[in-house]
Amino acid sequence: MRRLTGAILAVAVAAVGPNTLADDLLGFDAAGSAAQRSLEAEFDTHLSAEDMDTWIRQMSAKPHHVGSAAGREVVDLAAELLESWGYDVDIAEYEILLPTPKTRELELVAPTRFAAGLDEDTLAEDASTSVRDDLLPPYNAFSIDGEVEGELVFVNYGIPEDYEILERHGIDVTGKIAIAKYGRSWRGIKPKLAGEKGAIATIIYSDPGDDGYAAGDAYPKGPFKHESGVQRGSVMDMPTYPGDVLTPGTGATKRARRLDIDDAPTLTKIPVLPISARDALPLLAAMDGAVVPAEWRGALPITYHLGPGPARVRMKLEFDWERVMAYNVIARLEGSEFPDEWVVRGNHHDGWNHGAADPISGLAALLSEARSVAQLARTGNRPKRTIVYAGWDAEEPGLIGSTEWAEHHARDLQRHAVAYLNTDGNSRGFVNIGGSHTLERFFNQVIEDVNDPKADISLKDRRRARLRLNASNDKARAEAERRDLRISPLGSGSDYTPFLQHLGIASANLSFGGEGNGGSYHTLYDTYEHFTTWRDPGLVYGVSLAQVAGRATLRLANAPRLPFEFQGFADNIALYVEELEELAETMRKDSELTNQRLDDGTYAAALNPYETLGPPPRKAEVPFFNFAPLRNALDRLQTAADSYADIAASGTPASADVNEMLFTTERLLTREEGLPGRSWYKHHIYAPGFYTGYGVKTLPGIREAIEQREYAMVGEQIEIAAGVLDTLSARIEAIVEEEAER
Ligand SMILES: [Zn+2]
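About the criteria used
Residues numbered from 1 in each chain as written. Predicted model: local features only at pLDDT ≥ 70, side-chain atom pairs only at ≥ 80, totals over all residues. Heavy atoms only, no water. Helix = DSSP H or I, 4+ residues; strand = E, 2+ residues; numbered from the N terminus. Rg over C-alpha atoms; globule rule 2.2 N^0.38 Å. Buried < 20%, exposed > 50% of the residue type's maximum accessible area, 1.4 Å probe, protein only. Contact = heavy atoms within 4.5 Å. Areas by Shrake-Rupley, 256 points an atom, 1.4 Å probe, with all protein chains shown as cover. Phe/Tyr/Trp six-rings, centres within 6.5 Å; stacked < 30°, edge-to-face > 60°. Lys NZ or Arg CZ within 6 Å of the ring centre and 35° of its normal.

S.K.: Sorry, what's going on with the overall build of the protein here?
M.R.: Looking only at helices and strands, the protein features 23 helices and 16 strands. Expected size for 742 residues packed as a compact globule is a radius of gyration near 27 Å; at 26 Å, the protein falls within 12% of this value. Principal-axis analysis of the C-alpha atoms places the extent of the protein at approximately 80 × 65 × 55 Å. Counting only residues that meet the buried cut, the protein has 60% of its 742 residues in that class. When contacts within the protein are restricted to residue pairs at least 6 apart in sequence, those whose partners lie at least 24 apart make up 80%. Here the protein has roughly 27200 Å² of accessible surface; of this, 49% comes from carbon and sulfur atoms.

S.K.: It is not clear to me how the packing of aromatic side chains should be interpreted in this structure. Could you clarify?
M.R.: Any two aromatic rings considered together are summarised by their centre-to-centre distance and by the angle between their planes. According to the stated counting rule, one finds 20 aromatic pairs in the structure shown. Following the ring pairs from residue to residue traces out a cluster consisting of Tyr 139, Phe 319, Trp 321 and Trp 352. The ring of Tyr 327 has Arg 72 lying over it, and the distance from NZ or CZ to the ring centre is 4.3 Å. Its end group placed over the ring of Trp 342, Arg 332 keeps NZ or CZ at 4.8 Å from the ring centre.

S.K.: Could you clarify how one ought to interpret the environment of His 169 in this entry?
M.R.: If you trace the backbone, His 169 turns up in the loop between helix 5 (160-168) and strand 5 (177-181). With relative accessibility at 14%, the residue His 169 sits in the buried group. Counting along the chain gives 127 residues from His 169 to Trp 296, while the straight-line C-alpha distance between them is 14 Å. In this structure, His 169 is in contact with Ala 290, Leu 306, Thr 612 and Leu 613, ignoring residues within four places of it in sequence.

Okay, structure coming up:
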């Protein structure tokens, strides 16, 4: 805690140094900042909520998943628009594996009988729900085929700690069918873990306690999940690698070498099917056995039991394992001064169904932004660097379009890409920014300059106000007062993953949210009607998103000195190092305490003899780890970051060499060997968790070795991470030296 506060103070003190004219933009001098800001004011005048409304209406009129006819219509429409505004447009095609369902059967066979409907209701209040040409029914993509019958076990959210509780009840899922609630982890983790524990299939359902009637009024009365709504989604093992399952590491061109489907490691090991609350109710009601722990209860009108059985279920799944074409729209506007430096800005265009929120609300904002940038270019304000606008296909089944393009063009991207900026679905409320911390200061300046469309204060002030209200301890209160609001580290869940974690390109993901919650995600009800009624009426936050992403894109494209800085990065690393030390300490103490209580009979004395909950197993002792190499590397990094701070703040133009040294700093955070057991993931600061899915693990090599109790690996991973940070420090030192020689 003390160390953290110290680090924050250090940042704050450095920031008010004599060279920091409070209002200059990072990367620009005073005159350059003023010119850039007036350009941005003009940029704003070309943004249009009406345009966005038109495009959302058109592009979400029909279900438009990858491979569908309506999907191709969206591609053509986006390409025509971008071309008409003056972009050079290319459709990048990849041939990808996409299983679609042929047979989906689920029935309760004992002690009563019930056949699940596995369908979503058409609603009179929402005309789009009757537009069902090419609609993919509820399914999980990349589940294997299979026909199984077995007893149900209720596994709560199906995450590792849930299985620890089941084991304490003496329940083994071997040979059983696990039924899990959606939530708390990325969905693909649920069948992955259930399969590892021996289950023969997984059913995932949406409990009304999480996003249905118990959370708020259900659709169409309110935005929450209709009782028949089912969340579709991919269950491929994305924490191993995303993208086409047959072509890891290379673009899925026609001629690419492909794995046999049987050898593809990212398919599930057991069949998995998502169902609605309505279909889940009879299954759960037929279960018996111990009553679930209080925290596991959902909001269905039943007593929840763990099982196993007596509910027995038969499930049959068959898929068409076909290859389809994915079409990325790639639109390029050549830079006037530095055409070989690229700012890449993307949003996917494929949806699971109508996809009004996910992804069209984000794509519409991207298009409005691209139109305005083109208009500026036509009137003499062409961006200095090249801007590439991308509409990705096949994001939903597994970030496939973006991953294949990034793999296909890896070498060029590593040489030329300055940064990648991502958006996906939008909503309303507070600005959310996740990304590379070398851009933390940069993004704080962006959100200082954009006002919230409802409250007449900056996006940053509004976000800070909420942090202040929500802060419940000293640490959170200090965070709320930090000069730069922290941006969150990126795990996975959208198209930034291949750019950031595979190629080492500084990336960010931008959205609004927090006030437009609901349950339409990946269901039939993600429609124009739902979106414009509940998520972003009037598309005012769509305009805000275009303002934020557009400013970020234009500043990166025009800054004479690329706006990377390292004090914010170092301060976040300090936080992660501290977290790791605390994690090891907490695990050590918890393990000792558990073992002590086992030895002295506390569990035996306190546990209810009439219930099945038993004591936990003995824990392996947690050794002390030597974090010194990491601490030393952090120290060097902080010194190097401080030595560049004044230069960064000066806004003096950087040479082409220095700009390249700056934008390739993120590459230095990757290693060709990748992370243990998953070499596709090369970034050593940010990764999606192997057992959390989308959730981020910072310093993942070390953190996961500790969490998974692979203690022999911890020391080596500390050395590796320290080495990665040293490489970055050496680069920053070289930049400072280069500047001194000018
Ligand atoms: Zn999406």
